[in-house]
Amino acid sequence: MTSKIEKEDLSRRNFIFGSIAAAGLTVAPGVMLYQTANARDLSKAASSKVRWGMLIDTSRDVDWNKCVEACVKEHGLGNEEHSRPDQRTQYIRVVEVKNKSTGYSMSLPVMCQHCEQPPCVDVCPTGASMKREDGIVLVDRHRCIGCRYCMMACPYKARSFVHETLTDQSTTTPRGKGCVESCNMCVNRVDNGQLPACVEASEGAIVFGNLNDPESDISKLLAKHGGKQIRADLKLNPGVQYQGI
Amino acid sequence: MKKLHFLEVEGNSRGFYTLLGVFGLISLIGMFAAYYMEHHGHYVTGMSNQVVWGTPHVFAIFLIVAASGALNVASISSVFAKTAYKPLARLSGMLAIALLAGGLVVLLLDLGRPDRLIVAMTKFNFLSIFTWNIFLYTGFMGIVAVYLWTMMDRPYNKLTKKAGMGAFIWRLVLTTGTGSIFGFLIAREAYDTALLAPMFVIMSFAFGLAFFMLVLMASYKYTDRPLGDYIINRLKNLLGVFVAAVLYFVIVYHITNLYSADHQGVSAFILADGGIYTFLFWVVQIGLGSLLPLLLLYGPTGKNRTMIGLASALIIIGGLAQLYIIIIGGQAYPMVMFPGMEVSSSFYDGVVASYSPSLPEVLLGVGGVGVTLLLVTVSVAALKFLPASLADEVADPHAK
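On a predicted model such as this, the values are computed, not experimentally measured, just so you know.

Okay, the interface of chain B and chain A next. Every contact between the two is made by 54 residues of chain B and, on the other side, 59 residues of chain A. Buried surface at the junction of chain B and chain A, summed over both partners, amounts to about 4900 Å²; 57% is from carbon and sulfur atoms. For the chain B face of the interface with chain A, the top three residues by lost area are Tyr43(B), Met337(B) and Phe347(B), together amounting to 14%. The salt bridge involving Asp110(B) is made with Arg148(A); its shortest N-O contact spans 2.8 Å. Where chain B meets chain A, there are 40 residue pairs in polar contact (both at pLDDT 80 or more). Of all the elements in the fold, those that place two or more residues in the side of chain B that touches chain A are helix 1 (14–40), helix 5 (117–122), helix 6 (129–152), helix 7 (160–183) and strand 1 (341–345) of chain B. Ranked by the residues each element gives to the side of chain B that touches chain A, the list is headed by strand 1 of chain B, at five residues. Pairing geometry for strand 2 (residues 93–99) of chain A and strand 1 of chain B, over five bridges, is antiparallel. Bridge pairing in strand 1 of chain B links Glu96(A) to Ser344(B).

Evaluated as defined, the whole model comprises 18 salt bridges over all chains. For the salt bridge of Glu181(A) with Arg175(A), the shortest nitrogen-to-oxygen distance reads 2.8 Å. Like Glu181(A), the residue Arg175(A) is buried in the burial classification. For Arg113(B), the salt bridge identified is with Asp115(B), shortest N-O distance 2.8 Å. Judged by its relative accessible area of 22%, Arg113(B) is partly exposed. Taken together, the shared-partner salt bridges connect Glu80(A), Arg88(A), Arg141(A), Arg175(A) and Glu181(A) into one network.

All names here are of chain A. Relative to the elements of secondary structure, Cys67 occurs in helix 3 (residues 65–75). Considering only alpha carbons, one finds Cys67 and Val94, 27 residues apart in sequence, at a separation of 9.1 Å. When neighbours within four sequence positions are excluded, Cys67 is seen to be in contact with Ile92, Cys198, Ala201, Ser202 and Ile206.

What follows covers the sheet that holds strand 8 (residues 206–210) of chain A. Residues and elements named next belong to chain A. Spatial ordering of the open sheet is given by 8-1-9, a layout of three strands whose pairing is mixed. Of all the strands in the sheet, the pair left with one neighbour each is strand 8 and strand 9 (240–243). Averaged over all pairs of adjacent strands, the angle between strand axes in this sheet comes to 20 degrees, irrespective of strand direction. Where strand 1 (residues 52–57) meets strand 9, four bridges bridge the pair, whose relative direction is parallel. Within the sheet, the bridge partner assigned to Ile56 lies in strand 9 and is Tyr242. Running over the sheet, helix 8 (residues 217–225) touches strand 1, strand 8 and strand 9 and is turned about 115 degrees from strand 8.

Another point: the pairing of strand 1 of chain A. Residue and element names in this part refer to chain A. Taking burial as the measure, the six residues of strand 1 include five buried ones, the bulk of the element. Both strand 1 and strand 8 contribute to a ladder of five bridges, which runs antiparallel. Its bridge partner being in strand 8, Gly53 is matched across the sheet by Gly209.

So, about the environment of Phe200(B). All names here are of chain B. Topologically, Phe200 is positioned in helix 8 (residues 196–222). Residue Phe200 is classed as buried on the basis of its relative accessible area of 0%. Along the backbone, Phe200 and Gly69 are 131 residues apart, and their C-alpha atoms lie at a distance of 9.9 Å.

The next point concerns the confidence of the model for chain B. Averaged over all residues, the pLDDT of chain B equals 94, while 99% of them reach at least 70. In the model of chain B, helix 14 (residues 392–395) of chain B stands out as the element of lowest mean pLDDT, 82, in contrast to helix 11 (residues 276–298) of chain B, which has the highest, 98.

Per-residue confidence for chain A averages 88 on the pLDDT scale, and 84% of its residues sit at or above 70. Confidence over residues 29–36 of chain A falls short of pLDDT 50; this stretch has six contacts with residues more than four positions distant or in other chains.

Reading the values: rules and limits
- Residues numbered from 1 in each chain as written.
- Chains lettered and ligands numbered in written order.
- Predicted model: local features only at pLDDT ≥ 70, side-chain atom pairs only at ≥ 80, totals over all residues.
- Heavy atoms only, no water.
- Contact = heavy atoms within 4.5 Å.
- Buried area = accessible area lost by both parts, 1.4 Å probe.
- Salt bridge = Lys/Arg side-chain N within 4 Å of Asp/Glu carboxyl O.
- Polar contact = N/O pair within 3.5 Å; in protein donor to acceptor, adjacent residues only side chain to side chain.
- Helix = DSSP H or I, 4+ residues; strand = E, 2+ residues; numbered from the N terminus.
- Pairing = 2+ DSSP bridges.
- Buried < 20%, exposed > 50% of the residue type's maximum accessible area, 1.4 Å probe, protein only.
- Axes fitted to C-alpha atoms, helices over the stretch in contact; angles between N-to-C directions.
- pLDDT = per-residue confidence, 0-100.

This is how it looks when you write it as structure tokens:
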């Protein structure tokens, strides 16, 4: 059953991304030609040979708010008119962590951790909350019924619920009232061979790459310095890892 | 024991239409509240990205839990062959279906996209407990309907025991499933325990029977049908046992939490520093919802109908408080991402989330109760659910 759902998802995704690719080819051939070097072949399903991940170096003196701003801009967030602050969508946030006994403090960006075994995917009754073959966890907004069980299940509070009708949305990030959403690792950019928006804004403090490729920068860094996961005790094996926490 | 005789409630009466009007209006207001929430979006509610399940869920889960508990009376009669409960078995089954329907209506109308019900009914992820519950709930309605049929259609009476057994096992699985909605949530300190599954089963016994007793006593009072002490005393003694059993689970839950350092926080929060949740726990759940009913049921007032009714109502109020603490208190307590550290962020990490129920949420929840009572009112008038008399000479198997 699961594989059937996945197949349906894949065909739908292929259609959507295929359409986007076709439109892109029509209006901006120059841009497309420039990016095809790293872009994924959208006629094929995402491959499990790739596992996209991020390594975030919290020891770097970076203004993490720039990552938040880039995310907001990329996905057209912050356009709620009625929602209270605690109802507004945040894909990525800066968390301040302080050790009470030693006084040591640090700040780090937290977003969807793109778990290998995501609880949000397990609990979703309709399969709207899904993990792509390449490890990106995201919500199919055509299938989400807005039950919010994934928000109950996520150990990272990574998800938001759209509390009102939204207008003026980003064309690459459709968002709808009554659905749950979260960081999708800028799947539209990644499929296009670009870096996620927060990575681009991080001044090199966030390294993005293929965790399954031992020759990728991220794998080499992890091999050399190691990486830490938030709530590693839950054994969800997130694709987002940290240095310096 | 005299012969048992079932009879519909007179439908063409002023009292019947009054009840129909009142419960219909409550249901209608609930539906309007849901429309208001869906039209504007959930920003008009007290819910947020921190407390994602609010008051509607408290009512919905109460009704669903009570549904399986309401079936107990029938189970005791069919599965455990206690003839004293047989006259009540039909009402028990019908009330179970009505409670479940009321709960499901609330759960459905609180979805972000209730218009996508068809998606929920056609696309399944079988790893999800919600998916299991979709089958458990619809299956429960079906199996209880069959069970009622075998009870009410004489040629099929011989199948009642089998159908009753099926329904009994199904209801245990169902409430285990409802408890597991929370029990399987590893992320949150308040949940993450298998204890919630059996605790929900025993909660269902208490809430379902309390609701059943109120419906039973009210129906017989309004229709001027005799209801003897024999049956009421048996039921109220059983109710007291269930309330005590819930208390036992609550104590074990908190003692277990307090004993392990990584779960201490949430129990300390509920028991001592949780503000409204601490108040609800000690005053409403424990004081008014558990200890006072036990006193009323087993003390000198134990034979007084009004006091038994009051105890049942208090158990329901205590049950709603208990679910409020579990569902909303469990979310309000900050999720621990960095154990032992102080955390803060623009997304309310590390702080107790604020939540106050909005009027539409409350109206939707109460609307679900209205739907249940509307169904009960129509059912008792349409079909022979209630015995014409439950006077002691009819109800007591040992009466001469």
